Amino acid sequence: MGKIAQPKIELAVAVGASSAFPPVLSPVELDLSGFTFEPGTGDDLERPPFTQKMVLSDGGVYDNMGIETAWKCHRTILVSDGGAKMAAEEKPHSDWLRHSIRVLDVIDNQVRSLRKRQLIEAFKARTEHDGTYWGIVTNIADYKLTDSLSCPFEATQKLAQVATRLSAVPGKLQEQLINWGYAVCDAALRRHVDPTIAKPKGFPYAGGVG
């Protein structure tokens, strides 16, 4: 469709579009009729009606880790994955609605797994890209650092089970999640990107990861 230079769209609208998870919160419709696209910045959709109205859903529908654009433009890629695999169900539902949701979850789970494997193999090869990956379900011990921040696997797995939701998260839980993200990011960077990075003096918040 192309690029709009300095679009006058409120940040809250952009955040809303990014949070438009289908089917309940999606789609978000944007009227682009008053904007001008820069010539030559688009591809085969640089024309009406595509340049007049956008119908948007959460970008995770296409690329849950959001790396494709960065992958095309940069060599060093740092991937932070906040998604967890779907849980096992002892008694899967058979009604059409919940069964359809489960099938979509299976598809999403497989795409995540394939993308992660491709990333790791590309990082190992170091032919076109380097970087590192860390996820909310990662075991920090897998980085084999002797001085990583203390993050017991049992505690971090409990944090990984915190559901994504629109309601408020208790302050203590927020601090534990931030601490966990900080620690695993540090371990991944010092292990696979730059071993000279100084070890952190501690967690951002007291109490560690729980």
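Scoring rules and cut-offs
- Residues numbered from 1 in each chain as written.
- Predicted model: local features only at pLDDT ≥ 70, side-chain atom pairs only at ≥ 80, totals over all residues.
- Heavy atoms only, no water.
- 1 Å grid on protein atoms, 1.4 Å probe; cavity = no way out; pocket = protein on both sides within 12 Å on 5 of 7 lines; lining within 4 Å.
- Points joined across faces, edges and corners; volume = space filled by probe spheres on them.
- Nonpolar A, V, L, I, M, F, W, Y, C, P; charged D, E, K, R; others polar.
- Phe/Tyr/Trp six-rings, centres within 6.5 Å; stacked < 30°, edge-to-face > 60°.
- Helix = DSSP H or I, 4+ residues; strand = E, 2+ residues; numbered from the N terminus.
- Buried < 20%, exposed > 50% of the residue type's maximum accessible area, 1.4 Å probe, protein only.
- Core = buried A, V, L, I, M, F, W, Y, C linked by side-chain atoms within 4.5 Å.
- Contact = heavy atoms within 4.5 Å.
- Patch = residues over 30% accessible without salt bridge, like charges linked within 9 Å, V, L, I, M, F, W, Y side chains within 5 Å.
- Areas by Shrake-Rupley, 256 points an atom, 1.4 Å probe, with all protein chains shown as cover.
- Salt bridge = Lys/Arg side-chain N within 4 Å of Asp/Glu carboxyl O.
- Pairing = 2+ DSSP bridges.
- Right-handed = clockwise from strand over helix to strand, strands pointing away.

Student: How do you make sense of empty space enclosed by the protein when you look at a structure like this?
Tutor: One pass over the full model with this rule turns up one cavity of 30 Å³ or more. Estimated volume of the largest cavity: approximately 40 Å³. Taken together, Tyr62, Asp63, Asn64, Met65, Val111, Arg112 and Arg115 make up the full set of residues lining the largest cavity. Within the lining of the largest cavity, the residues separate by chemical class into three nonpolar, one polar and three charged.

Student: Please clarify how the packing of aromatic side chains should be interpreted in this entry.
Tutor: Where two aromatic rings form a pair, the distance of their centres and the angle of their planes describe that pair. Taken as a whole, this structure holds one aromatic pair when the rule is applied. On the numbers, 6.2 Å between centres and 45° between planes, the contact of Trp71 with Phe123 is tilted. You can see Trp71 sitting in helix 2 (residues 68-73) and its partner Phe123 sitting in helix 3 (residues 96-125), a full 52 residues away along the chain. The class for Phe123 is buried, based on a relative accessible area of 9%.

Student: Explain unusual backbone geometry here, please?
Tutor: The phi angle of most residues is negative, glycine excepted, and most peptide bonds adopt the trans form. The amide bond that connects Pro48 to the next residue, Pro49, takes the cis arrangement and shows omega of 5°. Within the element layout of this structure, Pro49 appears in the loop between strand 1 (28-31) and strand 2 (53-56). Non-glycine residue Gln6 carries a positive phi angle of around 50°. A positive phi is found at Lys144, a non-glycine position, where the angle reads about 55°.

Student: Would you mind going over the nonpolar core with me for this structure?
Tutor: Soluble globular proteins: nonpolar side chains tend toward being buried together. One finds Trp134, Ile140, Tyr143, Cys151, Trp180 and Val209 to be the most contacted residues of the largest nonpolar core, which totals 17 residues. The set of elements that each furnish at least two residues to this core consists of helix 4 (153-160) and helix 5 (171-192). With seven residues, the top contributor of residues to this core is helix 5. Not counting residues up to four positions away in its chain, the partners in contact with Trp180 are Gly135, Ile136, Thr138, Ile140, Cys151, Thr156, Leu159 and Val209.

Student: Help me understand a nonpolar patch on the surface, please; the structure alone is not making it clear to me.
Tutor: Taken together, Phe21, Val24, Leu25 and Leu166 make up a surface patch of nonpolar side chains, about 490 Å² in accessible area. Mapped onto the elements, Val24 comes out in the loop between helix 1 (11-18) and strand 1. Here Val24 falls in the exposed class, since its relative accessible area comes to 74%.

Student: Sorry, what's going on with the pairing of strand 4 (residues 130-135) here?
Tutor: Within a regular strand, side chains alternate between the sheet's two faces. With six of its six residues buried, strand 4 lies for the most part within the structure. Here six bridges tie strand 3 (residues 76-81) to strand 4, and the two strands are oriented parallel to one another. Note on strand 4: the bridge partner recorded for Thr76 is Asp130. Assessed by its sense of winding, the connection that carries the chain from strand 3 through helix 3 to strand 4 is right-handed.

Student: Help me out: how do you make sense of the layout of surface pockets in this one?
Tutor: To find leftover empty space, a probe the size of one water molecule is rolled over the atoms. For the largest pocket, the calculated volume is near 2,000 Å³. Where the lining of the largest pocket is concerned, the elements lending two or more residues are strand 3, helix 3, strand 4 and helix 5. Counting residues per element, the lining of the largest pocket draws most heavily on helix 3, which supplies 11 residues. Among the residues forming the lining of the largest pocket, the class breakdown is 24 nonpolar, 13 polar and 10 charged. By residue number, the principal contributor to the lining of the second largest pocket is strand 2, which donates three residues. Broken down by class, the residue content of the lining of the second largest pocket amounts to four nonpolar, three polar and one charged.

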